[in-house]
Amino acid sequence: DLAENNFDLMYEQLKALKSGETIEKPIYNHVNGTLDTPETIVPTQIVIVEGLHPMADPRVRELLDFSLYLDITDDVKFAWKIQRDMVERGHSLESIQASIEARKPD
């Protein structure tokens, strides 16, 4: 849900990184729905921003010097989601499969 994301903060933090400033990136905990201790990100010559959310904000897109979209197969996407959600988020295989099935029309 795009409304649940803080695009203003994403923009400000990417702008700061591009200006050579260190940021404290919030880490959302998908298990309990809270924010964990922020991750310190020190700027480097190349900053990799992953995911589709940065593409949803024109201000953020304008900060990107280069973008690359990988159109992967559904099987690979599902395998990645299962791996991530079980290991990082503590979900069961059954709940992940149900989530995937519910979102197939997307």
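Structure shown above.
A short tour of the structure in this document, coming up.

Reading the values: the criteria
Residue numbering note: each chain is counted from 1, following its sequence as written. Local features in a predicted model are, by the rule used here, given only for residues with pLDDT of at least 70; side-chain atom pairs are given and counted only at 80 or more, and totals for whole chains, interfaces and linings are based on all residues. No hydrogens and no water enter the side-chain calculation; it runs on all heavy atoms of the structure. Counting from the N terminus, the helices are the DSSP runs of H or I reaching at least four residues and the strands are the DSSP runs of E reaching at least two. Throughout, exposure labels follow a simple rule: accessible area from a 1.4 Å probe, protein chains only, divided by the maximum for the residue type, with under 20% read as buried, over 50% as exposed, and the rest as partly exposed. Any two residues whose heavy atoms approach within 4.5 Å at even a single point are treated as in contact. We get accessible surface area from the Shrake-Rupley algorithm with a probe of 1.4 Å; when it comes to residues, only the shown protein chains can shield them. Positive residues here are Lys and Arg, negative ones are Asp and Glu, while His and the chain termini are left out of the count. To locate a charge, the coordinates of NZ of Lys, CZ of Arg, CG of Asp or CD of Glu are taken. Polar contact is defined as a pair of N or O atoms within 3.5 Å, subject to the rule that within protein one atom must be able to donate a hydrogen and the other to accept it, and that residues adjacent in sequence are counted only when both atoms are side-chain atoms. All axes are obtained by fitting lines to C-alpha atoms, using only the stretch in contact for helices, and the reported angles, taken between N-to-C directions, cover 0 to 180 degrees. Reported orientations rely on four angle classes, namely roughly parallel under 35 degrees, roughly antiparallel over 145, roughly perpendicular from 65 to 115, and oblique for the rest. Each crossing gets its hand from how the near helix is turned against the far one by less than a right angle, where anticlockwise is left-handed and clockwise is right-handed. Classification used: nonpolar for Ala, Val, Leu, Ile, Met, Phe, Trp, Tyr, Cys and Pro, charged for Asp, Glu, Lys and Arg, polar for all others including Gly.

Looking at the overall build of the chain
- On a plain count of helices and strands, the chain comes out with four helices and two strands.
- Along the chain direction, N to C, the helices and strands of the chain fall in the order α-β-β-α-α-α.
- Viewed in the frame of its principal axes, the chain has a C-alpha envelope of about 45 × 30 × 25 Å.
- Counting across all 106 residues of the chain, residues that qualify as buried make up 18%.
- Within the chain, contacts between residues separated by at least 24 positions form 36% of all contacts whose residues are at least 6 apart in sequence.
- Summed over its atoms, the accessible surface of the chain is roughly 8,500 Å², and 54% of this surface lies on carbon and sulfur atoms.
- Here the chain contributes 11 positively and 20 negatively charged side chains, and the mean placements of these two sets differ by 3 Å.

Concerning the environment of Thr 40
- Assignment of secondary structure puts Thr 40 in strand S2 (residues 34–41).
- Distance from Thr 40 to Thr 73, taken between C-alpha atoms, is 33 Å for residues 33 residues apart in sequence.
- When near neighbours in sequence (up to four residues on either side) are disregarded, Thr 40 contacts Thr 22, Ile 23 and Glu 24.
- A polar contact is formed between the side chain of Thr 40 and the side chain of Glu 24, at a distance of 2.7 Å.

Some details on the packing of helix H3 (residues 74–87) against helix H4 (residues 93–103)
- The geometry of H3 relative to H4 is characterised by a closest axis approach of 10 Å and an angle of 140 degrees between their N-to-C directions. As the angle between them shows, H3 and H4 are arranged oblique. Crossing of H3 over H4 shows right-handed handedness. Residues Phe 78, Lys 81, Ile 82, Asp 85 and Met 86 of H3 lie in contact with H4, whose contacting residues are Leu 93, Ile 96, Ser 99 and Ile 100.
- Taken together, the residues of the contact of H3 with H4 sort by class into six nonpolar, one polar and two charged.

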